[in-house]
Amino acid sequence: MATKALAIVAATLLLCSCSKDIESTGPFPEDVQITDQAAGKPIPGLVFIVTRGEDTLKLPDVVVRAYPESFLPKLQQLFDEVEADCLGAANPERVNWPAFQDMFCMLLFKRLAEVGTPFVAPTDPDGKFLLAHPRGESFFVSAQHARKAGGFQLYSWLLRVELDKIPPAGLYLTNRNLLTHEGEGSSPSPLIWGPFRHRFESWKSTKLAGIYKRRAAERAERERIAAEAAAERAERERIAAE
């Protein structure tokens, strides 16, 4: 448990420092089959967000990664492992759903970087990238960026991209297709938050109920001991007064 907690803390410190994403181009696990060459021309793209003040902020030094469709089982395995690790390390009295999402995304993308992929492209100072991609009609794209602006802000992208649906201008990673964006305009993602949130709420409710029950028992025990001590004092005083 301590090792899992340390891993999550390390991921948090990595992103909260707003350092550049760790580029990893190591091999995939043996159970994930990929081709040696990218398919066709690299895809142009842009990573940017629109702030609350409606300013467009282009994000440099973001590492964009592509994974083949065959990577889906490994992704699902990572989802389960990261969820278990986060639930094992989280404090149910302090963490809410948005905070848990950030914790989950930080650790997930740390694990994705450790897995590695040969299809990697960093964004330039204008937020632009040119991404080679795996063969096939579709593939997965991931990217993450953290910044300090009025507080810690985390932007995570993990979406399924279909080649024939990419606009001529390229692939845009924006507020509208963030991994945590579930409203209108959200893009297809291999991660569906609904079941995760249901399990989180159930876990938190169960943990809090256990905590409150234990505290109530501890309080009752302290009150019992105090009552016994008071009774003993009263008895001694009665005996002394006789």
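For the structure given in this document, a descriptive report is provided here. (Residues numbered from 1 in each chain as written. Predicted model: local features only at pLDDT ≥ 70, side-chain atom pairs only at ≥ 80, totals over all residues. Heavy atoms only, no water.)

## Focus: helix α3 (residues 97–115)
Side chains that are three or four residues apart share a direction in an α-helix, a result of its 3.6 residues per turn. Over its 19 residues, α3 extends 27 Å from the first C-alpha to the last, a length consistent with the 27 Å expected when each residue adds 1.5 Å. Count one or two residues on from α3 and you reach Gly 116, which has phi positive near 85°. (Helix = DSSP H or I, 4+ residues; strand = E, 2+ residues; numbered from the N terminus. Expected span 1.5 Å × (residues − 1).)

## Observations regarding the pattern of salt bridges
One pass over the structure, following the stated rule, counts 12 salt bridges. Glu 83 serves as the salt-bridge partner of Arg 199, at 2.7 Å between the closest nitrogen and oxygen. You can see Arg 199 sitting in helix α4 (residues 193–241) and its partner Glu 83 sitting in helix α2 (residues 72–89), a full 116 residues away along the chain. Across the pair Glu 218 and Arg 214 runs a salt bridge, and its minimum N-O distance is 3.8 Å. Placement of both Glu 218 and Arg 214 in helix α4 is noted, with a separation of four residues, approximately one turn of the helix. (Salt bridge = Lys/Arg side-chain N within 4 Å of Asp/Glu carboxyl O.)

## Some words on the packing of aromatic side chains
How two aromatic rings sit relative to each other is given by the distance of their centres and the angle of their planes. Tallied over the entire structure, the rule returns 11 aromatic pairs. Judged by centre distance (4.7 Å) and plane angle (10°), the ring pair of Tyr 67 and Phe 71 falls under stacked. Relative accessible area serves as the criterion here: at 0%, Phe 71 is assigned to the buried category. Summarising the aromatic geometry, the rings of Phe 200 and Trp 203 are spaced 5.8 Å apart at their centres and angled 35° between planes, so their arrangement reads as tilted. Placement of both Phe 200 and Trp 203 in helix α4 is noted, with a separation of three residues, approximately one turn of the helix. Relative accessible area serves as the criterion here: at 1%, Phe 200 is assigned to the buried category. For Trp 203, a relative accessible area of 13% gives the class buried. Connected via pairs of aromatic rings, a cluster forms that spans Phe 79, Trp 97, Phe 100, Phe 104, Trp 193, Phe 196, Phe 200 and Trp 203. Lying across the ring of Phe 196, Arg 199 places its NZ or CZ 4.8 Å from the centre. (Phe/Tyr/Trp six-rings, centres within 6.5 Å; stacked < 30°, edge-to-face > 60°. Buried < 20%, exposed > 50% of the residue type's maximum accessible area, 1.4 Å probe, protein only. Lys NZ or Arg CZ within 6 Å of the ring centre and 35° of its normal.)

## Here we look at the nonpolar core
Among the nonpolar cores identified, the biggest contains 31 residues, and Phe 79, Phe 104, Leu 108, Leu 112, Leu 191 and Trp 193 are the most heavily contacted of them. Elements that contribute at least two residues to this core include exactly α2, α3, β6 (138–148), β7 (152–162) and α4. In terms of residue count, the dominant contributor to this core is α3 (11 residues). Among all residues touching Leu 191, those that are not within four sequence positions of it are Phe 79, Phe 104, Leu 108, Leu 179 and Phe 196. Core analysis: the next-biggest nonpolar cluster, separate from the first, contains 22 residues, Val 47, Ile 49, Phe 119 and Tyr 155 among them. (Core = buried A, V, L, I, M, F, W, Y, C linked by side-chain atoms within 4.5 Å. Contact = heavy atoms within 4.5 Å.)

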